[in-house]
Amino acid sequence: MIRVPAGPGGRLSDAWRSCVGTGRLDLALRRDYQDSLALLQRDIGFRYLRGHGLLSDGLGIHRPYEWQGVRRTHHSFTYLDQVIDACLGLGIRPFLELGFMPGALASGEQTVFWWRGNVTPPADEKEWTGLVRAVLAHLVDRYGADEVRTWPIEVWNEPDLPQFWQDADEAAYHRLYEVTAHAVKEVDAALQVGGPALSPAADGWLERFAEFAERRDVPVDFVSRHAYTSGPAQHVPFGVHQTLAPASDLLDQFAAPGRVLEGTRLAGLPVHITEFNSSYRPDNPVHDTAFHAAYLAPVVTAGGDHADSFSYWTFSDVFEETGIPTALFHGGFGLLTHRQVRKPTYHLYAFMARTGEERLARGDDHVVTRHADGRVTVLAWAPVDETGRTPGPDRHTVRLSVPVGTAPRGEAFVRRSSVDEERGNAYTAWRHMGSPRSPKPAQLDVLHEAAEPARGHHRLPVEDGRADLTLTLARHEITLVELTPLVDETPPWWDERRLLGGEAP
């Protein structure tokens, strides 16, 4: 039995809800996307949303034309305004990523993704910086400087990878960052600009970025990188399988920027992990499973110890980097499928949203928090074997002595919500019904029903201000237990034994 201290051990960091990822930004024009985002914000409430494609042709901002024999540039914000308005209306702000290159401004034809984001440097640096200034000046004019100053502005995405930046040319990226950062500051010196949004494989890039920034006196307000734990892709039609490193590797990756930047000019800057997940592929079935929720639980609960934000990639399967998905469940990154079917990892985040502000205890399989009103929450999970070589125990037990309320004796009301291989797991229900690629309305109803966590309620005695809580968790289970000091308002004449009108004993 683990005795949970009655006094707080500190605050539970909410870095986990600072940001969440999305497919390219013009997807926000779709109804299914906005419905999904509304559900996400109702149950979880992220603060920022980051995605690719702000400057790509899908939003249609950069519109060059010729007039009187001279090339000129028009900037159109029709779609951008709709996207930002939709996000702000749902209580989530943009984490702006400046990319990719508009086709008419690109120096080459190399693209990434099914939707062809151009990843070459600008053909005209002056036109590029003019585009950056125009976009930010428009946002400041429309939403106000005080508001836009709260929106982080990241320069490009994973320039260390040749598929995201032509030839992974480091010197060319440094030049792009320098002119872009200065253009941002020309609009408003208080705007936050940073990068370099590196992949986990970026060996030495961050150190050299710090050296470059100091040598050139380039503005850097935050540092960003990405984190994944999957091995090489083993391809099958419309999907992949991959090995996974232990989830603790994600925490090591979160901590890496702070470690390598010690002693540099960038030491102490905010660190944003602007993408993280297990697999970097949007077609790996592991994303849909209860295993995935239990695998990430220790990361989500402890990640704030190592980074100022860590952004789950992504909130929805409305996502088309490798093409239009071929089935409702297809291994997509999303916390939600199309049609807002909640995955087990969605519930991990929804459970986190119900935890308290004070952290009382944290272990390898649990975190205990307390709300200002005295409620105590326990988020617990069954540890996983990421190698898949052993099936793991069918049951995992967590025993806690939990402080509840201020009275020495009494009872606590206990509410428990759980997700595992069978319960709160629409993916399992989908497999049981034959994995229909396009479920009929009645099947969708079943999947939404299956996605509901299992729920139970009971009372526990409180002795010496404590309740003894024993949790038996199924394989790959995550569970949230909420304990509230009980105030019993049952009238003195109520007798359950007389429910059917019998005489008092």
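Conventions adopted
- Residues numbered from 1 in each chain as written.
- Predicted model: local features only at pLDDT ≥ 70, side-chain atom pairs only at ≥ 80, totals over all residues.
- Heavy atoms only, no water.
- Helix = DSSP H or I, 4+ residues; strand = E, 2+ residues; numbered from the N terminus.
- Buried < 20%, exposed > 50% of the residue type's maximum accessible area, 1.4 Å probe, protein only.
- Polar contact = N/O pair within 3.5 Å; in protein donor to acceptor, adjacent residues only side chain to side chain.
- Contact = heavy atoms within 4.5 Å.
- Axes fitted to C-alpha atoms, helices over the stretch in contact; angles between N-to-C directions.
- Left-handed = near helix turned anticlockwise from the far one by under 90°.
- Nonpolar A, V, L, I, M, F, W, Y, C, P; charged D, E, K, R; others polar.
- Patch = residues over 30% accessible without salt bridge, like charges linked within 9 Å, V, L, I, M, F, W, Y side chains within 5 Å.
- Areas by Shrake-Rupley, 256 points an atom, 1.4 Å probe, with all protein chains shown as cover.
- Salt bridge = Lys/Arg side-chain N within 4 Å of Asp/Glu carboxyl O.
- Pairing = 2+ DSSP bridges.
- Core = buried A, V, L, I, M, F, W, Y, C linked by side-chain atoms within 4.5 Å.
- 1 Å grid on protein atoms, 1.4 Å probe; cavity = no way out; pocket = protein on both sides within 12 Å on 5 of 7 lines; lining within 4 Å.
- Points joined across faces, edges and corners; volume = space filled by probe spheres on them.
- Phe/Tyr/Trp six-rings, centres within 6.5 Å; stacked < 30°, edge-to-face > 60°.
- Disulfide = S-S within 2.5 Å.
- Expected span 1.5 Å × (residues − 1).
- Parallel < 35°, antiparallel > 145°, perpendicular 65-115°, else oblique.
- Lys, Arg positive; Asp, Glu negative; His and termini not counted.
- Charge placed at Lys NZ, Arg CZ, Asp CG, Glu CD.

**Q** Any chance you could break down the side chain of H366 for me, citing the residues and the numbers?
**A** One can find H366 in strand 17 (residues 366–370). Owing to a relative accessible area of 4%, H366 belongs among the buried residues under this scheme. Of note is the side chain of H366, whose polar atom sits 2.8 Å from the side chain of D365. Every residue in contact with H366, bar those within four places of it in the chain, is listed here: I2, L379, A380, W381, V398 and L400.

**Q** Any details on the packing of helix 3 (residues 125–143) against helix 5 (residues 170–187)? Residues and values, ideally.
**A** Describing two packed helices takes the angle between their axes plus the distance from one axis to the other. Relative orientation of the contacting elements helix 3 and helix 5 amounts to 35°, with a least axis distance of 9 Å. Here helix 3 and helix 5 pass one another in a crossing that is right-handed. On helix 5, the residues that touch E125, W128, T129, V132, R133, L136, A137 and V140 of helix 3 are R175, L176, V179, T180, A183, V184, E186 and V187. Residues belonging to the contact of helix 3 with helix 5 are distributed by class as follows: 10 nonpolar, two polar and four charged.

**Q** Can you lay out a nonpolar patch on the surface for me, pointing to particular residues and giving the numbers?
**A** A cluster of nonpolar side chains, namely W493, W494, L499 and L500, defines an oily patch on the protein surface of about 610 Å² accessible area. Tracing the chain through its elements places W493 in the segment after strand 23 (478–485). Assessed through its relative accessible area of 69%, W493 is described here as exposed.

**Q** Requested: an account of the pairing of strand 4 (residues 62–67), with residues and values cited.
**A** Every regular strand shows the same layout, with side chains that alternate between the two sheet faces. The sheet contact formed by strand 4 and strand 5 (residues 70–75) spans six bridges and is antiparallel. When the sheet's bridge partners are listed, R63 is paired in strand 5 with H74. Between strand 4 and the antiparallel strand that follows it, strand 5, lie two residues; Q68 among them carries a positive phi value of about 55°.

**Q** Break down the nonpolar core for me, with residues and values.
**A** If you look at the biggest cluster of nonpolar residues, it comprises 114 residues, and the most contacted ones within it are W128, L139, W156, Y177, F254 and F276. Looking at this core, the element that brings in the most residues is helix 8 (residues 290–302), giving nine residues.

**Q** If you had to explain empty space enclosed by the protein to someone new, which residues and values would you point to?
**A** Per the counting criterion, the structure on display carries one cavity of 30 Å³ or more. Estimates place the volume of the largest cavity at around 60 Å³. Listing elements by their share of the lining of the largest cavity, those giving two or more residues are helix 2 (78–89) and strand 6 (93–98). Here the residues of the lining of the largest cavity are counted per class, giving eight nonpolar, no polar and one charged.

**Q** Mind laying out the packing of aromatic side chains, listing which residues take part and the relevant values?
**A** What describes a pair of aromatic rings is the distance from one ring centre to the other and the angle between the planes of the rings. With the rule as written, the count across this model stands at 30 aromatic pairs. On the numbers, 6.5 Å between centres and 85° between planes, the contact of Y228 with Y280 is edge-to-face. Here Y228, found in the loop between strand 11 (222–227) and strand 12 (234–236), pairs with Y280, found in the loop between strand 14 (271–276) and helix 8; they are 52 residues apart in sequence, far enough to count as distant. Under the relative-accessibility criterion, Y228 is labelled buried at 8%. Under the relative-accessibility criterion, Y280 is labelled partly exposed at 39%. Look at Y312 and Y349: their rings are 5.7 Å apart centre to centre, the planes differ by 65°, and that puts the pair in the edge-to-face class.

**Q** Can you tell me about the state of the cysteines, naming the residues and giving the values?
**A** Counted according to the given criterion, the structure contains zero disulfides. A disulfide-free cysteine, C19 has its sulfur positioned 11 Å from the sulfur of C87, the nearest such atom.

**Q** I'd like a rundown of helix 7 (residues 248–260), residues and numbers included.
**A** Here helix 7 spans 18 Å end to end across 13 residues, near enough to the 18 Å set by a 1.5 Å rise per residue. Where helix 7 is concerned, the buried positions are L250, L251, Q253, F254, A256 and P257. At its buried positions, helix 7 is contacted by helix 6 (205–216), strand 11, strand 14, helix 8 and strand 15 (309–312).

**Q** Tell me about the packing of helix 2 against helix 3, and please be specific about residues and values.
**A** Put simply, helix 2 and helix 3 touch, their axes get as near as 12 Å, and they point 50° apart. Considering the angle they form, helix 2 stands oblique to helix 3. Handedness of the crossing formed by helix 2 with helix 3: right-handed. Judged by residue contacts, L80, D81, I84, D85 and L88 of helix 2 engage V135, H138, L139, R142 and Y143 from helix 3. Of the residues in the contact of helix 2 with helix 3, the class split is six nonpolar, one polar and three charged.

**Q** Tell me about helix 9 (residues 344–352), residues and numbers included.
**A** When you tally the buried positions in helix 9, you get nine out of nine residues, the bulk of the element. Those residues of helix 9 that fall on the buried side of the exposure criterion are P344, T345, Y346, H347, L348, Y349, A350, F351 and M352.

**Q** Outline the environment of I153, listing residues and values.
**A** In this fold, I153 is placed in strand 9 (residues 153–155). Using a relative accessible area of 0% as the deciding quantity, one classes I153 as buried.

**Q** Outline a negative patch on the surface, supporting the account with residue identities and numerical values.
**A** Where like charges cluster on the molecular surface, the negative patch consists of D203, E207, E211 and E214. For E207, the position within the fold is in helix 6. Exposure remark for E207: the relative accessible area of 32% places this residue in the partly exposed category.

**Q** Provide a residue-level description of the layout of surface pockets, including the pertinent values.
**A** If you roll a probe as big as a water molecule over the atoms, it shows you where there is empty space left. Considering only enclosed or pocket space, the largest pocket measures out at about 570 Å³ in volume. Counting residues per element, the ones that place at least two in the lining of the largest pocket are helix 8 and helix 10 (426–432). Of the residues belonging to the lining of the largest pocket, the class tally is 12 nonpolar, 13 polar and four charged. Empty space within the second largest pocket amounts to approximately 450 Å³.

**Q** Residue-level account of unusual backbone geometry, with values.
**A** G195 connects to P196 through a cis peptide bond whose omega is 5°. Residue position: P196 is located in strand 10 (residues 193–198). Of note, Q68 is a non-glycine position whose phi angle comes to about 55°, a positive value. Mapped onto the fold, Q68 is located in the loop between strand 4 and strand 5. You can call Q68 exposed: its relative accessible area is 63%. One non-glycine residue, D217, lies in positive phi territory at about 55°. Along the polypeptide, D217 turns up in the loop between helix 6 and strand 11.

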